[in-house]
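# Observations on chain architecture
Below are the chains, spelled out letter by letter.
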Amino acid sequence: MPLLEVGPLSGGYGDADVFTDVSFSLGVGEIVTLAGTNGSGKSSLVKAILGLLPRTRGSVRFDGAEIAGWSVGERARRGIGYVPQVANVFPSLTVHENLQVIGVDDQRQRIAETYAAFPALEARKRNRAGSLSGGERQQLAIARVLISRPRLIILDEPTANLSPLLVNQVFDIIQRLPSPGVGVLLVEQRAREALAISARGIIMEAGRVCAAGPARELLADGDLARRFLGQYA
Amino acid sequence: MSSGQWIANQVLNGLVEGLVVALVALAITLVYAIARFSNAATGDYLTFGAYVTKGAATWTGSLAAGFVAGMVATALLSVFFYGWVFRRLLQRSHVIALVASIGVAFFIRHTMTLFTGHEPFVFDVPIVRAWNINGLLLQPTDVAVAVAGVASLGLVFALLHFTALGRHMRAVADNVDLARSSGIDTDRVMIALWLLIGAIAAIAGTLVGLKSVIHPEMGWDLLLPGFAAAILGGFASPIGAVVGGLVIGLTHELAAPFVGYSYKLAVSFLIILAFLLWRPGGLFGRVEEVR
Ligand SMILES: Nc1ncnc2c1ncn2[C@@H]1O[C@H](COP(=O)(O)OP(=O)(O)OP(=O)(O)O)[C@@H](O)[C@H]1O
Ligand SMILES: [Mg+2]
């Protein structure tokens, strides 16, 4: 049974749908990349999966259960972790408080583990998150979501605005995320790099899926690569 | 009395008044930061709290018991109006919520005066002579009001900064969607917020009542100074609200002899205007992060 199963899902803001009939599934232990041109509806689709945007049609199943009736908070508490594309930390809270916001039983222990994995954050734990650099902020956002040990991790463009060195660091972190019980949905503009660490990929255009399949096949499709993945190899 | 003593006395009075204004400004600021609208009913929550405290204190014969009853009743009143009015309106428009809060203010006041009438009440506290410290006149009730004010502000800040609930409130203030998708139960945070607002208002009301008298307009009269203080403080900063409250209190007391006691409210209004026009970011001038 897939961890996440998105039926033919449609949704949007107000009257108009910004994504239509999107279907895909994601299993444990794998990364699935969601790519596509700017404005193709990737972030909106993700928000609908999280309950932050109403869907107009279709189903979302998490671990086999339809989650339409779950509140946003419930989805988080039941194992869906989300790092938004923008505004992904609480700027007026300190780094440490950002980590403490995630309610778990062995909080101290897990925060200590987080600092061990992200030493840059420990150095700035008393600073307000709003004062972090883009890279530090992105690390905090990812570290924060991992504290609750989510089973599905949804990352919306985690490498946006990062310097090349940091991009590699973030991809390293992401690559290590999947585990026997955990799956990752990765929204990325750097589709080549993302597909390189993914099992499968979905490419959206104008609110619809225009290509989907094993990552290797997508990368090998010359026409697709030219249109959506950028020229560099 | 020398002019130095006069200034010292006015400063003292100003700080005590400022603590009460700070409580009002804090209640306004917390609602603005977390629930995102200007709550004009804050003043009448205060009045309600003062009357309940007075009633319960008279009935039980204990001011402390009255105080607790006032806080509990006002906290419940505040949650009630959140659930009944503001929660629904806020999904539509923040301006509508503001207008509705003015309606709530009048509703509370007029319903209350049906039972209490318009005659003022006073708390039965022993009348003690002011202590005279080198010409500085210290009223024991003022000292009690100041201690209670400082303690309440301290408790609110401890709640905001040293408890999980406080962190959750500040997280919701920063970014409500991120708070929800981080697993924070935002409904719980809202209920806690409104309980807290009611309790703060009741404390402020009781302190005003102890300092002077309890009357139906007492809270409404403090609304303008409260907003002035909140604006001085930058409108979304709890610490700013407290500093703003003290500044307003001091300004009132120092300006009152010159503009006349009945016009000191006009000073608040001038401060609001001046800051909105020239320093919309408040005293500290820090533009808050884009949410
Ligand atoms: N809050 C909003 N209100 C109304 N329309 C919106 C809103 N956010 C996005 N849209 C519209 O929805 C469409 C899809 O936007 P979305 O952010 O989902 O695209 P995206 O694929 O994530 O783009 P990008 O790669 O730039 O992040 C766009 O046409 C956009 O204008
Ligand atoms: Mg996007």
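Since the structure is predicted, the reported quantities are computational estimates derived from the model, not experimental observations. (Residues numbered from 1 in each chain as written. Chains lettered and ligands numbered in written order. Predicted model: local features only at pLDDT ≥ 70, side-chain atom pairs only at ≥ 80, totals over all residues. Heavy atoms only, no water.)

As a further point, take the overall build of chain A. Within chain A, the secondary structure is distributed over 10 helices and 11 strands. In summary, chain A has a C-alpha radius of gyration of 17 Å against a globular reference of 17 Å for 233 residues, a match within 12%. Counting only C-alpha atoms and orienting by the principal axes, one finds that chain A spans roughly 45 × 45 × 35 Å. Counting only residues that meet the buried cut, chain A has 54% of its 233 residues in that class. Residue pairs at least 24 apart in sequence account for 64% of intrachain contacts in chain A once pairs closer than 6 positions are excluded. Seen as two clouds, the 26 positive and the 23 negative side-chain charges of chain A have centres 4 Å apart. (Helix = DSSP H or I, 4+ residues; strand = E, 2+ residues; numbered from the N terminus. Rg over C-alpha atoms; globule rule 2.2 N^0.38 Å. Buried < 20%, exposed > 50% of the residue type's maximum accessible area, 1.4 Å probe, protein only. Contact = heavy atoms within 4.5 Å. Lys, Arg positive; Asp, Glu negative; His and termini not counted. Charge placed at Lys NZ, Arg CZ, Asp CG, Glu CD.)

Residue and element names in this part refer to chain A. Pairing is mixed in the open sheet, where six strands are placed in the order β7-β8-β9-β3-β10-β11. With partners counted over all chains shown, the strands left at the sheet margins are β7 (80-83) and β11 (208-214), one partner each. This sheet shows a mean twist of 15° between the axes of neighbouring strands, independent of strand direction. As paired elements, strand β10 (residues 200-205) and β11 share six bridges and run antiparallel to each other. In the strand pairing of β11, Met-204 is matched with Val-209. (Pairing = 2+ DSSP bridges. Axes fitted to C-alpha atoms, helices over the stretch in contact; angles between N-to-C directions.)

Taken together, the contact between chain A and chain B spans 22 residues of the former and 18 residues of the latter. For the pair chain A and chain B, the summed buried surface comes to about 1800 Å²; carbon and sulfur atoms form 54% of the total. Contact with chain B buries area across many residues of chain A, yet Leu-52, Phe-90 and Val-101 of chain A alone supply 26% of it, more than any other trio. The tally of links between chain A and chain B comes to one salt bridge. Between Glu-97 of chain A and Arg-170 of chain B there is a salt bridge; the shortest N-O distance is 2.7 Å. Counting every contact that joins chain A to chain B gives seven residue pairs in polar contact (both at pLDDT 80 or more). Those elements giving two or more residues to the side of chain A that touches chain B turn out to be α2 (72-77) and α3 (95-100) of chain A. When residues of the side of chain A that touches chain B are assigned to their parent elements, the largest contribution, four residues, is made by α2 of chain A. Classifying every residue of the side of chain A that touches chain B gives 12 nonpolar, six polar and four charged. (Buried area = accessible area lost by both parts, 1.4 Å probe. Salt bridge = Lys/Arg side-chain N within 4 Å of Asp/Glu carboxyl O. Polar contact = N/O pair within 3.5 Å; in protein donor to acceptor, adjacent residues only side chain to side chain. Nonpolar A, V, L, I, M, F, W, Y, C, P; charged D, E, K, R; others polar.)

As a further point, take the coordination of the magnesium ion (ligand 2). Residue and element names in this part refer to chain A. Taken together, Ser-43 (OG) and Gln-85 (OE1) make up the protein donors of the magnesium ion (ligand 2), found 1.9 to 2.2 Å from the metal. Residue Ser-43 is found in helix α1 (residues 42-50), and its partner Gln-85 is found in the loop between β7 and α3; the two are separated by 42 residues along the sequence. Judged by its relative accessible area of 18%, Ser-43 falls in the buried class. Exposure remark for Gln-85: the relative accessible area of 32% places this residue in the partly exposed category. (Donors = N, O, S within 2.8 Å, 3.2 Å for Na, K, Ca; no water.)

A few words on the packing of aromatic side chains. Residues and elements named next belong to chain B. All told, the structure shown has 14 aromatic pairs over all chains when counted by the stated rule. When the centroid spacing of 4.9 Å and the interplanar angle of 40° are considered together, the rings of Phe-37 and Phe-86 count as tilted. Of the two residues, Phe-37 sits in the loop between α1 (3-34) and α2 (42-60) while Phe-86 sits in helix α3 (residues 63-90), which places them 49 residues apart along the sequence. Considering the side-chain rings of Tyr-51 and Phe-121, the 5.9 Å spacing of their centres and the 85° angle between planes classify their relative orientation as edge-to-face. (Phe/Tyr/Trp six-rings, centres within 6.5 Å; stacked < 30°, edge-to-face > 60°.)

Okay, the site of ligand 1 next. Residue and element names in this part refer to chain A. Close contacts around ligand 1 come from 13 residues, with Gly-39, Lys-42, Ser-43, Ser-44 and Gln-189 the closest. Within the side chain of Ser-44, a nitrogen or oxygen atom sits 2.5 Å from an oxygen atom of ligand 1. Within the contact set of ligand 1, an oxygen atom lies 3.2 Å away from a side-chain nitrogen or oxygen of Glu-157. Relative to its free-state accessible area of 640 Å², ligand 1 is covered by the protein chains to the extent of 58%. Considering each element in turn, the shell around ligand 1 owes the most residues, three residues, to α1. (Near = heavy atom within 4 Å. Areas by Shrake-Rupley, 256 points an atom, 1.4 Å probe, with all protein chains shown as cover.)

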